[in-house]
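# Notes for the structure review
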Amino acid sequence: MASLILKRLAESFLSLICLVCAVFFAARLTGEPGKLYLPLTATDEVVDAFNRQHGFDQPIWKQFLDFVVGLTRLDFGESLRRQQPALSAALEAYPATLSLVAVTMVVALLISTLLGCLAAFRPGSIFDRLSTGLAVSAASFPDFWLALMGVLVFSVGLHWLPTSGTGTWLHWVLPVTVLMMRPLGSLVQVVRGSMIDVLSSAYMAAARGRGIPVWRQLFIHALRNASLPALTVLGIQAAAFLNGAVIVETIFGWPGIGRLMITAIFDRDFPVVQATVVVTAVSIFLLNLVVDVLYGVIDPRIRL
Amino acid sequence: MSNPIPAPFGNPALRAYLAMLRRDRFAVIAVTVLILVLVTGLVIAPLMGDAAVLQDLRARMRPPFQLQFGLHSLLGTDLLGRSVLYRLAAGAQLSVSIALTAAVAAATIGTAIGIWAGYAGGIVEGVAMRIADVILSFPTLLLALLFLYLLDSQTGNIILLLIIGRVPLYIRVARAETLETRGRLFVDAARSLGATSWTICTREIAPVVLPTILTLAALDVGVLMLLESGLSFLGLGVQPPAVSWGGMVAEGRRWINSAWWLTLFPGLAIFLTALSATIFSNWLRVAMDPAHRWRLEGTRPGAASARSGIAS
């Protein structure tokens, strides 16, 4: 287990380095960084002065060296729009995204477990077909549209939920629901599939033979083994959650890292864009690590 | 089953697939929707000229389903009096061509690299898989946003980014299938008969890998459409005056309180197309898998043999 985690850490670190290099060189190769950092209306003199000030007139290998040295000190440079370092802007927005994604993941896992188990209990039943249909269509919703329709019906029409912002638990309902939809589709199908496999195993037949109540069979005996594939999918879907977070945060005015990134992109605040990308990448790698560890906790056979 | 299906086409394989399609109601509906979108996007939209951007200020903000204004205002009009229906048709052109091009290109490139990596092994495999891991571990949307910020939001760049984002998926799948196929007896037989690596890859391994790739690509068309519309919604995808479904939702967002039809219909178009692609892909997976095909043929072979097919 420890060696697995170490191997994963090394792999993640390598991936992270690749990503950072790609960001650096893409930014330099696609034109003058001065033009990238400054507003489109900046004059040539301003661009030149800016280039000198930030070392963009240096040869590219030296720039890269400086960039890497800055990274080791976790320095992405100053934000061009906010009076603070880019990294602290990204880290300030981070908890909001983290809590949103975490709550959504837990809710998605609970709902998909419930739906998947019940669907697997009687394959081919009406309930099974309904939940499979729901799973297939949930994955096909454009999330931004679902969010707007949610606002239209529940906020504008019925006045049940707030349109955007944070504060009460009511503010969580729409963002969590929208963010959950796409991963939910594959989760339900995975839980259902693995549950059907587990239910046909010998130890489940034994449980039935011993007269254990049905809910206990499903949720205590079978679920533990059936949950492993779901966990894997949850790890794979981490990227999808963050994809969705960008859109959900933008629409619902959620002060998270996705919205920060979009704002930074439109403000042409490149240090912040870089910082958000790296912070997001690190969190995805950490999340996958957590999934690996959880895997070992649930299935002792993997704890080697 | 027993009564032969009338054959509109000569190709017996095609006929078999059509017969299997008719057994699945949902797949028939999905294929119909997909064909409709394809024809609209690739045939009707290019013939429409500038109908989608034509403004008519007397016809501003007409609600949908008012038949007295004809086809033009059937799905309502926007603030500039442009027809939502015509704009949907024009949007189909971009959405379809972007998603299709990206899916086909990503599938072709990814499969070629994946088979090569799986067959050759060694350093080729190591490098290809590592790059694939890096790209896959990062959200495609964020990656696309980042690079569309650096490049221009031109259609070509969007397609390129979507291809880069999706190629790793095909590399992984093609490599996994190749690794499994490489050790099979018929590959050994071909090799001992003196077949070159190229022949083995294209003639022996590729036909085994292809059904999985096709299924994945069909599914991916929907995923790519969702991605592209998300980009356009955020304002980093297709730029106006070009019409895209995601862009239409973004435009309609400002009037969501008063003109719901501006947001509802384009979103519905994206949803239905993506859903159809998913359903079609599910059908394709079953239809192309000899172990599962009986579900669509209506003849169930011995349950035991079907079970063993599922287990493997």
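These numbers come from a predicted model, not from an experiment.

Per the secondary structure count, chain B includes twelve helices and zero strands. Listing the helices and strands of chain B from first to last along the sequence gives α-α-α-α-α-α-α-α-α-α-α-α. Burial statistics for chain B: of 312 residues in total, 45% are counted as buried.

Let us look at the confidence of the model for chain A. When the pLDDT values of chain A are averaged, the result is 77; 90% of them are 70 or greater. Averaged pLDDT values over the elements of chain A bottom out at 61 in helix α2 (residues 33-37) of chain A and peak at 84 in helix α5 (residues 86-121) of chain A.

This brings us to the interface of chain A and chain B. Between chain A and chain B, the contact holds 34 residues from the first and 33 residues from the second. Contributing elements (two or more residues each) for the side of chain A that touches chain B: α1 (2-29), α6 (126-138), α7 (143-157), α11 (238-252), α12 (257-267) and α13 (270-298) of chain A. The leading source of residues in the side of chain A that touches chain B is α7(A), at seven residues. Here the residues of the side of chain A that touches chain B are counted per class, giving 27 nonpolar, seven polar and no charged.

This brings us to the confidence of the model for chain B. All names here are of chain B. Mean pLDDT for chain B: 78, with 84% of residues reaching 70 or above. Model confidence for chain B, summarised as mean pLDDT per element, is weakest for helix α12 (residues 303-311) at 43 and strongest for helix α3 (residues 84-120) at 87. When the criterion is pLDDT under 50, residues 303-312 qualifies, and its contacts beyond four places in sequence or with other chains add up to six contacts. Across the predicted assembly, pTM comes out at 0.79 and ipTM at 0.75.

Right, let's get into the environment of V279(A). All names here are of chain A. Tracing the backbone through its elements, the reader meets V279 in helix α13. Between the C-alpha atom of V279 and that of L234, which follows or precedes it by 45 residues, the distance is 20 Å. Not counting the four nearest positions on each side in its chain, V279 is found in contact with A90, L91, Y94 and I257.

In terms of nonpolar packing, the biggest core is built from 166 residues, with A90(A), A147(A) and L145(B) touching the most fellow members. If near-sequence neighbours (up to four positions away) are discounted, L145(B) is found in contact with I265(A), L234(B) and L236(B).

Here is what the cut-offs are and how they apply
Residues numbered from 1 in each chain as written. Chains lettered and ligands numbered in written order. Predicted model: local features only at pLDDT ≥ 70, side-chain atom pairs only at ≥ 80, totals over all residues. Helix = DSSP H or I, 4+ residues; strand = E, 2+ residues; numbered from the N terminus. Buried ≥ 20, exposed ≤ 12 C-beta atoms within 10 Å, placed from the backbone. pLDDT = per-residue confidence, 0-100. Contact = placed C-beta atoms within 7 Å. Nonpolar A, V, L, I, M, F, W, Y, C, P; charged D, E, K, R; others polar. Core = buried A, V, L, I, M, F, W, Y, C linked by C-beta atoms within 7 Å.

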